[in-house]
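Fold and contact review
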Amino acid sequence: MEKSCSLLVHFDNGTPALANEIKEALEGNDVPAKIDAMKNAIMLLLNGETLPQLFITIVRYVLPSEDHTVQKLLLLYLEIIDKTDGKGRVLPEMILICQNLRNNLQHPNEYIRGVTLRFLCRLNEVEIIEPLIPSIMSNLEHRHPYVRKNAILAVMSIYKLPQGEQLLVDAPETIERFLSTEQDPSAKRNAFLMLFNCAQDRAINYLLTNVDRVPDWGELMQMVVLELIRKVCRTNKGEKGKYIKIIISLLNAPSAAVVYECAGTLVSLSSAPTAIRAAASTYCQLLLSQSDNNVKLILLDRLNELKSSHKDILVDMIMDILRALSSPNLDIQRKTLDIVLELITPRNVNEVVLNLKKEVMKTQSGELEKNGEYRQMLIQAIHSCAIKFPEVASIVVHLLMDFLGDNNVASAMDVVIFVREIIETNPKLRVSIVTRLLDTFYQIRAARVCACSLWIIGEYCLSLSEVENGISTIKQCLGDLPFFSISEEEEAADSTKKPQVTNSTTISSKRPAILADGTYATQSAASETAFSPPTVVQGSLATGNLRSLLLTGDFFLGAVVASTLTKLVLRLEEVQPSKVEVNKASTSALLIMVSILQLGQSSVLPHPIDNDSYDRIVLCIRLLCNTEDAVKTIWLKSCHEKFVQMLLDKQLRETEEIKAKAQISHLQPDDLIDFYHLKSRKGMSQLELEDEVQDDLKRATGEFVKDADDANKLNRIVQLTGFSDPVYAEAYVTVHQYDIVLDVTVINRTKQTLQNLCLELATMGDLKLVERPQNYTLAPESSKQIKANIKVSSTETGVIFGNIVYETSNVLERTVVVLNDIHIDIMDYISPAVCGDAAFKTMWAEFEWENKVAINTIITDEKEFLDHIIKSTNMKCLTSPSALEGDCGFLAVNLYAKSVFGEDALVNVSIEKQEDGKLNGYIRIRSKTQGIALSLGDKITLKQKGGS
């Protein structure tokens with residue numbers, strides 16, 4: 001068994017020379033040297049040295065010292081040294097210190113008395129304590145409160161000893177009398193604590209006698225009172241009615257700690273609406289009054305817990321919770337918004353959205369460092385509100401559109417996605433949104449935001465004026481054509497690139513010349529004229545945002561411009577009666593597309609146009625040159641229908657998420673239901689009546705049913721030994737957030753008593769055994785429950801192995817039973833989770849660990865293989881079901897899961913069906929840490945063939 005100590009400091013191992021130096025310093029008269037020597041001695045003892053030769057020196061030269069520091073170090077030394085021999089008997093030399101301790105307890109200095117009494121709290125040897133009891137009890141009447149409060153703690157620790165009740169027979173009565181007369185808050189708190197731990201009935205009696213005075217007691221005393229109430233009500237729920245009034249009275253205490261504990265106690269004891277409302281109100285008040293960010297985060301966690309079981313009550317306090325947004329801390333703001341979004345109802349949505357709108361306007365000031373991130377969170381929150389309650393979109397959509405040109409690309413992207421959904425779900429806002437978007441389009445600077453905005457313009461410009469304005473806006477943002485110019489010399493050179501016959505007598509010398517871009521050109525010595533390379537024609541910065549982005553080589557945006565112009569021209573054919581105007585617009589659009597292709601194929605930019613963008617723009621050119629009704633239907637109707645389907649899929653996923661989070665509880669057929677109306681209400685307060693109703697409702701809906709399902713519990717049992725072994729053992733494995741608990745049942749199947757039975761465990765991987773095993777004695781045919789805690793440091797597959805060792809009275813040798821290995825699977829750590837596409841892409845780009853697994857399976861159907869991988873890895877498919885429809889021989893899907901440590905696991909499955917019917921492709925896993933990427937890769941490699 002390990003020895004307890006109050007100090008653990010690393011120190012070099014002692015040597016005989018060092019021990020002699022300490023001894024010499026202790027024997028001298030120099031107090032500072034004596035102090036250093038005592039410190040060195042204590043550190044050596046803590047490091048495992050025994051130093052038996054120092055004891056007599058300390059008794060002779062340190063005990064008589066009057067210095068307070070020396071006396072305190074002496075008590076630390078006495079606490080650490082062994083006071084008993086191998087058989088548990090007190091060493092004879094310990095009698096030498098008894099007289100010194102008695103003298104200290106009667107010392108005129110209150111500090112010496114106090115530290116000596118504190119030292120006695122850590123003594124377990126009755127032979128040393130017994131002679132000191134009269135002196136300890138006399139200190140209860142000392143004039144100084146420091147001595148009195150330590151004397152009470154000493155009495156409490158002695159009374160808790162196995163023979164304590166014989167040593168201090170009348171201690172509870174003495175402390176109760178002391179409590180009635182004591183005025184010092186600390187001493188009074190210690191006295192009440194002693195009664196609470198040693199004589200609970202007396203503590204309860206004192207509390208109920210002084211109910212009216214509880215609000216006037218000190219903070220420390222009130223905290224002990226709350227602890228007593230919790231303990232009493234846990235053991236006897238029927239008595240909680242008389243204590244609820246005390247808790248409610250303490251809700252108005254001046255101490256924030258007491259008020260917080262009161263609210264927590266109230267929630268743990270009562271589920272009555274009045275009690276929950278009072279607790280929630282208290283948390284909200286503390287949220288505003290406390291300045292510490294950690295305290296605010298803890299309070300938000302408490303409110304989040306209340307939300308899960310008492311959502312209706314918290315809905316009324318949503319505006320109080322929203323005030324926490326005044327904190328500049330992003331974590332607090334994020335947690336506040338998460339709570340608020342789940343409390344929104346049709347009654348309060350307008351008020352909440354207006355509040356969020358004000359917060360968005362505050363971010364325009366630029367005073368705070370992380371305004372962009374906070375604005376992005378607010379935009380996402382408003383987006384969520386508008387999707388649930390479309391009628392509030394009109395309040396904020398125009399304000400948010402001012403942020404389309406935000407420097408924070410993520411924030412601007414959230415705005416444009418919000419606008420894209422609102423324009424579809426709110427047809428009444430279509431005209432105003434399109435008009436505002438066309439007016440502010442030139443402000444957009446991010447390519448992704450431009451692309452999404454162009455899609456909205458092409459899809460929702462329906463009237464003649466809107467279509468014409470859309471085309472003119474795009475032309476204005478592209479600027480004048482062409483995008484680059486060619487010099488006259490180069491044109492002449494291009495036109496005369498044919499073999500010329502030269503006079504044999506006239507030879508013109510040519511030499512290489514370096515051009516402005518660093519390339520070489522042949523230059524004639526006669527003309528001394530170098531060819532000029534093509535030069536980019538820059539547009540105006542105010543209106544040429546599309547031009548600027550195209551000239552950086554973003555040809556995906558060029559393809560989006562071509563698609564948008566094509567849609568607008570096709571729609572113009574439907575709404576414009578004049579064919580001349582249609583042809584004019586079509587010609588203008590074709591000119592723009594051809595100019596983009598020329599720019600992509602020129603040497604002006606360092607990289608040519610990519611094949612996908614080139615094919616897309618060529619398709620648009622062909623379409624405008626030869627329009628067919630079927631193609632027009634695809635471009636103007638089918639694309640929109642797919643977008644509507646995507647929104648429906650997203651809404652369906654969110655609904656499933658909410659259902660998954662909801663607590664599902666069932667009532668067992670034989671569970672007891674009490675009828676509230678048939679109960680006696682005599683002597684019950686309103687709060688107790690409400691509590692009875694809530695308890696009945698919970699019982700009726702099955703909330704009192706145990707969380708762990710019995711069937712699941714059986715699946716987690718691992719057999720450790722065989723049925724024919726003399727000792728049978730099985731373990732129930734529970735994986736908590738940061739540790740694994742093994743609940744091992746050991747059964748003695750023999751007719752003999754097993755002595756010193758020990759469960760010895762060892763681990764492989766990132767697992768660590770927390771505590772050392774204990775020895776047990778097991779009677780014949782009896783069983784023992786042994787718990788072992790194992791710390792988990794990362795999401796990696798690990799193995800727990802070991803054996804059971806025991807002795808019997810007949811056999812002197814120890815018997816060893818080897819246990820079956822317990823494999824801790826990564827599936828125990830990860831669970832399916834949901835994240836947005838933008839968040840997935842961001843994490844995919846940031847995470848540095850990747851594990852690439854080649855697909856090797858006997859499964860021939862892509863979707864069947866995908867379902868098998870999802871089931872095997874316990875992950876969530878983020879790709880919508882509509883995107884998986886059809887049979888094209890290709891499949892690309894994103895999967896996501898989260899570990900209990902908060903780690904993200906990202907998986908991309910890319911499958912191609914080959915001509916021979918086999919599946920080919922790769923599964924790529926990315927994570928922030930190496931462990932989860934490797935473990936998940938091993939799991940997929942093992943499972944992908946189609947095995948169990």
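Residues numbered from 1 in each chain as written. Predicted model: local features only at pLDDT ≥ 70, side-chain atom pairs only at ≥ 80, totals over all residues. Heavy atoms only, no water.

The name that an unreviewed UniProt entry assigns to the chain is Coatomer subunit beta, with the source organism given as Olea europaea subsp. europaea. The annotation that UniProt attaches to the chain under Subunit (unreviewed entry) is "Oligomeric complex that consists of at least the alpha, beta, beta', gamma, delta, epsilon and zeta subunits." (UniProt positions renumbered as here; feature names shortened; annotations may be inferred.)

Moving on, we get to the sheet that holds strand S11 (residues 783-792). Strands sit in the order S5-S6-S7-S11-S9 across an open sheet of five strands; the sheet is antiparallel. Only two strands of the sheet have a single neighbouring strand rather than two, namely strand S5 (717-719) and strand S9 (767-769). Geometrically, the sheet is characterised by an average inter-axis angle of 30° between neighbouring strands, direction not taken into account. The sheet contact formed by strand S7 (residues 739-748) and S11 spans nine bridges and is antiparallel. Looking at S11, one finds that Leu742 is bridged to Ala788. (Pairing = 2+ DSSP bridges. Helix = DSSP H or I, 4+ residues; strand = E, 2+ residues; numbered from the N terminus. Axes fitted to C-alpha atoms, helices over the stretch in contact; angles between N-to-C directions.)

What follows concerns helix H4 (residues 68-80). With 13 residues, H4 ought to run about 18 Å at 1.5 Å a step, and its terminal C-alpha atoms sit 19 Å apart, in line with that. In this fold, the buried residues of H4 make contact with helix H2 (31-46), helix H3 (54-61), helix H5 (95-105) and helix H6 (110-120). Where H4 starts, the residue carrying a side-chain oxygen 3.1 Å from the main-chain nitrogen of Thr69 turns out to be Asp67. (Expected span 1.5 Å × (residues − 1). Contact = heavy atoms within 4.5 Å. Polar contact = N/O pair within 3.5 Å; in protein donor to acceptor, adjacent residues only side chain to side chain.)

Another point: the confidence of the model for the chain. Taken as a whole, the chain shows an average pLDDT of 79; of its residues, 83% reach a score of 70 or greater. This stretch, residues 488-511, has a pLDDT under 50; its non-local contacts, to residues over four places away or in other chains, come to 18 contacts. (pLDDT = per-residue confidence, 0-100.)

The next subject is unusual backbone geometry. You will see that Asn756, though not glycine, has its phi angle at about 50°, which is positive. Tracing the sequence through the fold places Asn756 in strand S8 (residues 754-764). Residue Asn756 is classed as partly exposed on the basis of its relative accessible area of 31%. Not every positive phi belongs to a glycine, and Glu781 is a case in point at roughly 55°. Relative to the helices and strands, Glu781 resides in the loop between strand S10 (775-778) and S11. (Buried < 20%, exposed > 50% of the residue type's maximum accessible area, 1.4 Å probe, protein only.)

Tracing the sequence through the fold places Thr860 in the loop between strand S16 (849-854) and helix H38 (862-873). On the basis of relative accessibility, which here comes to 43%, the residue Thr860 falls in the partly exposed class. It is 5.5 Å that separates the C-alpha atoms of Thr860 and Lys918, two residues lying 58 residues apart in sequence. Excluding its chain neighbours within four sequence positions, the residues that come into contact with Thr860 are Lys913, Gly917 and Leu919.

Let's shift gears to the packing of aromatic side chains. Taken as a whole and judged by the stated rule, the model has eight aromatic pairs. Ring plane angle 10° and centroid distance 5.5 Å describe the contact between Phe723 and Tyr728, whose orientation is recorded as stacked. Residue classification places Phe723 among the exposed residues on the basis of a relative accessible area of 57%. Taking relative accessible area as the criterion, Tyr728 reaches 11% and is therefore assigned buried. Among the aromatic residues, those joined into a ring-pair cluster are Phe192, Tyr206 and Trp217. (Phe/Tyr/Trp six-rings, centres within 6.5 Å; stacked < 30°, edge-to-face > 60°.)

A few words on the nonpolar core. Taken as a class, soluble globular proteins show a tendency for nonpolar side chains to be buried jointly. With 218 residues, the main nonpolar core has Tyr77, Phe192, Met194, Leu207, Leu356 and Leu546 as its most contacted residues. No other element matches helix H31 (residues 555-575), which puts 11 residues into this core. Each residue touching Met194, except ones within four places of it in the same chain, is listed here: Ile152, Val155, Met156, Tyr159, Ala171, Pro172, Ile175 and Ala199. Membership of the second largest hydrophobic core comes to 55 residues, among which are Val727, Val853, Ile859 and Leu936. (Core = buried A, V, L, I, M, F, W, Y, C linked by side-chain atoms within 4.5 Å.)

Between helix H26 (residues 430-440) and helix H28 (residues 464-478), the least distance of the axes is 10 Å, while the angle of their chain directions is 20°. By the angle between their directions, the pair H26 and H28 is classed as roughly parallel. Considering only the axes of H26 and H28, their crossing is left-handed. Together, Arg430, Val431, Val434 and Leu438 of H26 and Glu466, Asn469, Gly470 and Thr473 of H28 make up the contact between the two elements. A class-by-class count of the residues in the contact of H26 with H28 yields three nonpolar, three polar and two charged. (Parallel < 35°, antiparallel > 145°, perpendicular 65-115°, else oblique. Left-handed = near helix turned anticlockwise from the far one by under 90°. Nonpolar A, V, L, I, M, F, W, Y, C, P; charged D, E, K, R; others polar.)

A word on a negative patch on the surface. The grouping of Asp861, Glu864, Asp867 and Asp887 at the surface amounts to a negative patch. Note on placement: Asp867 falls in helix H38. Take Asp867: its relative accessible area is 49%, and that puts it in the partly exposed class. (Patch = residues over 30% accessible without salt bridge, like charges linked within 9 Å, V, L, I, M, F, W, Y side chains within 5 Å. Areas by Shrake-Rupley, 256 points an atom, 1.4 Å probe, with all protein chains shown as cover. Salt bridge = Lys/Arg side-chain N within 4 Å of Asp/Glu carboxyl O. Lys, Arg positive; Asp, Glu negative; His and termini not counted. Charge placed at Lys NZ, Arg CZ, Asp CG, Glu CD.)

Looking now at the pairing of strand S19 (residues 904-913). The buried fraction of S19 is high, at seven of 10 residues. Note: strand S18 (residues 890-899) against S19, nine bridges, orientation antiparallel. What sits directly across from Ala897, in S19, is Ala905. Linking S18 to S19, which pair antiparallel, is a turn of four residues; within it Gly902 sits at a positive phi near 85°. As defined by bridge partners, S19 adjoins strand S20 (residues 919-927) across nine bridges and the pair is classed as antiparallel. Opposite Asn908, over in S20, you have Arg924 as the bridge partner. Remark: five residues form the turn of the hairpin made by S19 and S20, two consecutive strands paired antiparallel; Gly917 in that turn has positive phi of roughly 95°.

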